[in-house]
Structure formats: C-alpha cells, structure tokens
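So the chains spell out like this:
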Amino acid sequence: MSEPLDVAIRAAKEAGAFLREHFENTESLVVNEASQHDIKLELDVRSQTLITKILLGEFPDHALYGEEGLAGNQQSPWQWIVDPIDGTVNYFYGLPHFCVSIALRHQGVTQVGVIYDPMTDSLWTSKRGEGASLNGRKISVSNRVELKEAVITVGFSKTAAAMQQGLGMFQELSSQVRKVRIMGSAALGLAYIASGRLDAYIEGYISLWDIAAGVLLIEEAGGVVELTNLDNSPDKFSVRATNGKLTLP
C-alpha cells in the first residue's frame, strides 16, 4: 500500500499545478456561489475532484470530507479532510496567497498534514510523532516570548458576531504586538506559525477543512493550538494558535 503522506503530497501538488495554471485566467473564474464576504468557484469543485480521484484511487475504502462535499466510505475510521483552495477570495482577485490543504485522520486523530502553496512552490508536511517540514527541511516555531516582538495574524470570519470579535481582538492586540497581518488563508497562517514566520493566529469562526492540516503542523513544530467547538458542530471552531511561548490576552 502507498504511504498516505506521499499520496497526499502528490494530490496537493497536482491540484496546486492545476490552480497555478488557471490563476488570473478570467475565463476560468466561474463563480458558483457568492455572498457578501465569500466566493465559491467552479475551480474549487474541480480541484477537489482532482484531489479525490488521487486519494480515493489509492485508498478506496477511506472517507473524504471536503469543503466541496463528501466522497468515499463515510463509515471508515480513516478520513481525509480537504480544502481544495484555501484563500478562494484571494485567488479570485488575483492575490497570490492561497493553498491546498489536505489532512488524514484516523478515528478522529490527525495523522498526516500537507499544505501546498503553488505560487511559491512551498510544501509543508507533517506526520504525527515525526515533526514538521518545509520543502523537506525540518521546521520549528519561533522563540519569541514577548508580544511586543511578535507578528500575529487575525482572521475575520463571515458572521457579524465573529467579525466583531475579530475587530475587538485586532484593536486590543495591535497596540501590543510588533505587527498584525490579515492573510486571507487560515491554512497558510498556520503553516507560517509552524515555520516561525508568524507567532500567533486568532480567528473566531473557522471550519475543520481550513485548519486540519495546519493544526498538526504547528503541534509537530512545537507550537500550541486551542480549538473551541461552535454551533454544536464537530467541524466549526474558534482557534487560537501560538508558538507556545507567547501569552495572548
């Protein structure tokens, strides 16, 4: 049987190449659904279909749970968590900050995580108990311990309540840290913490597929992630991720 991490890498890279090929091609940017604060593209569906074909082609008895729907054997203890374009709004507007995120869980515990940024050819990988890597090089979270030295990212979610929470956190932290960044991709924000580029990430309302791979990356790189379930749903959370050394208010 193929190694799941290798298969996830192949799926992420093939989907990334597909997205890079269509980037800034206006004829490809077919909008399936739009709201005030979000966009869903036909390319989201096509990217997930490509990923699904690769993952379930190798592991046909596994389940797949993605932003664009379910596939495979939903009774399986093995479940792939897929975000085919994390940062779809960035992608639609021609901002080259988006990624493909793939994680594999066994009985609810994440075992493998892959995040691929096709515009910089950056591949983050992690396997439970074996650390985290960027393009094959071991990575770790930053050593910064004081907020005044930290660069953090705050996410602004789609609901009015979550936006107000994000604005409040932004206002509270912006005077205490070196800089606050708004990235537009939760998965890349988590990958950046695992790499030591950022020190913390906070968002009031996020979906499982946005964070599944990134949470494992951070934990394997020595950081800490706090998730709080929302809406009595197993796949909606508020998230506070840090290098494990900062104390957030």
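Residues numbered from 1 in each chain as written. Predicted model: local features only at pLDDT ≥ 70, side-chain atom pairs only at ≥ 80, totals over all residues. Heavy atoms only, no water.

**Digging into the layout of surface pockets**
Quantified by volume, the second largest pocket comes out at close to 150 Å³. Forming the walls of the second largest pocket are 13 residues, and the residues nearest its centre are Gly108, Thr110, Ala212, Val215 and Leu227. Elements supplying a minimum of two residues to the lining of the second largest pocket: β7 (109-117) and α6 (208-220). If one sorts the elements of the lining of the second largest pocket by residue count, α6 sits on top with six residues. For the lining of the second largest pocket, the per-class residue count stands at eight nonpolar, two polar and three charged. (1 Å grid on protein atoms, 1.4 Å probe; cavity = no way out; pocket = protein on both sides within 12 Å on 5 of 7 lines; lining within 4 Å. Points joined across faces, edges and corners; volume = space filled by probe spheres on them. Helix = DSSP H or I, 4+ residues; strand = E, 2+ residues; numbered from the N terminus. Nonpolar A, V, L, I, M, F, W, Y, C, P; charged D, E, K, R; others polar.)

**Some remarks on the packing of helix α1 (residues 4-22) against helix α2 (residues 42-58)**
For the pair α1 and α2, interaxial distance at closest approach is 9 Å and the crossing angle is 155 degrees. As far as their axial angle goes, α2 and α1 are roughly antiparallel. In terms of crossing hand, the pair formed by α1 and α2 is right-handed. The residues of α2 that touch α1, namely those facing Val7, Ala8, Arg10, Ala11, Glu14, Ala15, Phe18, Leu19 and His22, are Leu43, Arg46, Ser47, Leu50, Ile51, Ile54, Leu55 and Glu58. In terms of residue class, the contact of α1 with α2 is made up of 11 nonpolar, two polar and four charged. (Axes fitted to C-alpha atoms, helices over the stretch in contact; angles between N-to-C directions. Parallel < 35°, antiparallel > 145°, perpendicular 65-115°, else oblique. Left-handed = near helix turned anticlockwise from the far one by under 90°. Contact = heavy atoms within 4.5 Å.)

**Brief notes about the sheet that holds strand β12 (residues 179-181)**
Adjacent strands of a sheet pair through backbone hydrogen bonds, lying either parallel or antiparallel. Pairing within the open sheet is mixed, and its five strands lie in the order β12-β11-β13-β15-β14. Every interior strand has two partners, whereas the edge strands, β12 and β14 (224-229), have only one. Going across the sheet, the axis of each strand differs from the next one's by a mean of 20 degrees, ignoring polarity. Contacting β13 (200-207) and β15 (236-242), helix α5 (residues 186-194) runs over the sheet at an angle of about 150 degrees to β13. Packing against the sheet, α6 makes contact with β13, β14 and β15, and its axis sits at approximately 145 degrees to β13. (Pairing = 2+ DSSP bridges.)

**Notes on the packing of α5 against α6**
Contact geometry for α5 and α6: axes closest at 8 Å, N-to-C directions at 5 degrees. Of the possible angle classes, the one that applies to α5 and α6 is roughly parallel. Listed contacts from α6 to Ala186, Ala187, Leu190, Ala191, Ile193 and Ala194 of α5 are Asp210, Ile211, Gly214, Val215, Leu217 and Ile218. Along the lines of polarity and charge, the residues of the contact of α5 with α6 split into 10 nonpolar, one polar and one charged.

**Here's the deal with the pairing of β14**
Remark: a regular strand shows side chains that alternate across the two faces of the sheet. Pairing of β14 with β15 involves six bridges; the strand directions are antiparallel. Directly across from Thr228, in β15, lies its bridge partner Ser238. The turn linking β14 back onto β15 is made up of six residues, and Asp231 within it adopts a positive phi angle of 60 degrees.

**Some details on the side chain of Ser142**
The topology assignment puts Ser142 in the loop between β10 (137-138) and β11 (151-155). Reaching out from Ser142, the side chain makes a polar contact with the side chain of Asn243 at a distance of 2.9 Å. Ignoring anything within four residues of it in the chain, the contact list for Ser142 reads Ile193, Gly196, Asp199, Asn243 and Lys245. (Polar contact = N/O pair within 3.5 Å; in protein donor to acceptor, adjacent residues only side chain to side chain.)

**A few points about empty space enclosed by the protein**
Following the criterion strictly, the structure yields one cavity of 30 Å³ or more and no others. Estimates place the volume of the largest cavity at around 40 Å³. Along the walls of the largest cavity sit Val154, Gly155, Gln165, Gly166, Met169, Ile202, Glu203 and Gly204, which together make up its complete lining. Going through the elements one at a time, β11, α4 (160-174) and β13 are the ones with two or more residues in the lining of the largest cavity. The class makeup of the residues in the lining of the largest cavity is three nonpolar, four polar and one charged.

**Here we look at the pattern of salt bridges**
Enumeration according to the criterion identifies six salt bridges in this entry. Lys127 is the salt-bridge partner of Glu3, the closest N and O atoms lying 3.1 Å from each other. In this pair, Glu3 sits in the segment before α1 while Lys127 sits in strand β8 (residues 122-127), placing the two residues 124 residues apart along the sequence. Judged by its relative accessible area of 31%, Glu3 is partly exposed. Glu42 is the salt-bridge partner of Arg46, the closest N and O atoms lying 4.0 Å from each other. Of this pair, Arg46 and Glu42 both sit in helix α2, separated by four residues, roughly a single helical turn. (Salt bridge = Lys/Arg side-chain N within 4 Å of Asp/Glu carboxyl O. Buried < 20%, exposed > 50% of the residue type's maximum accessible area, 1.4 Å probe, protein only.)

**What to know about the environment of Glu67**
Tracing the chain through its elements places Glu67 in the loop between β3 (63-66) and β4 (69-72). The sequence separation of Glu67 and Asp38 amounts to 29 residues, and the corresponding C-alpha distance is 13 Å. Contact partners of Glu67, with chain neighbours within four places excluded, come to Lys40, Gln48, Val82, Asp83, Pro84, Ile85 and Trp209. Only 3.2 Å separates the side chain of Glu67 from the side chain of Lys40, close enough to count as a polar contact.

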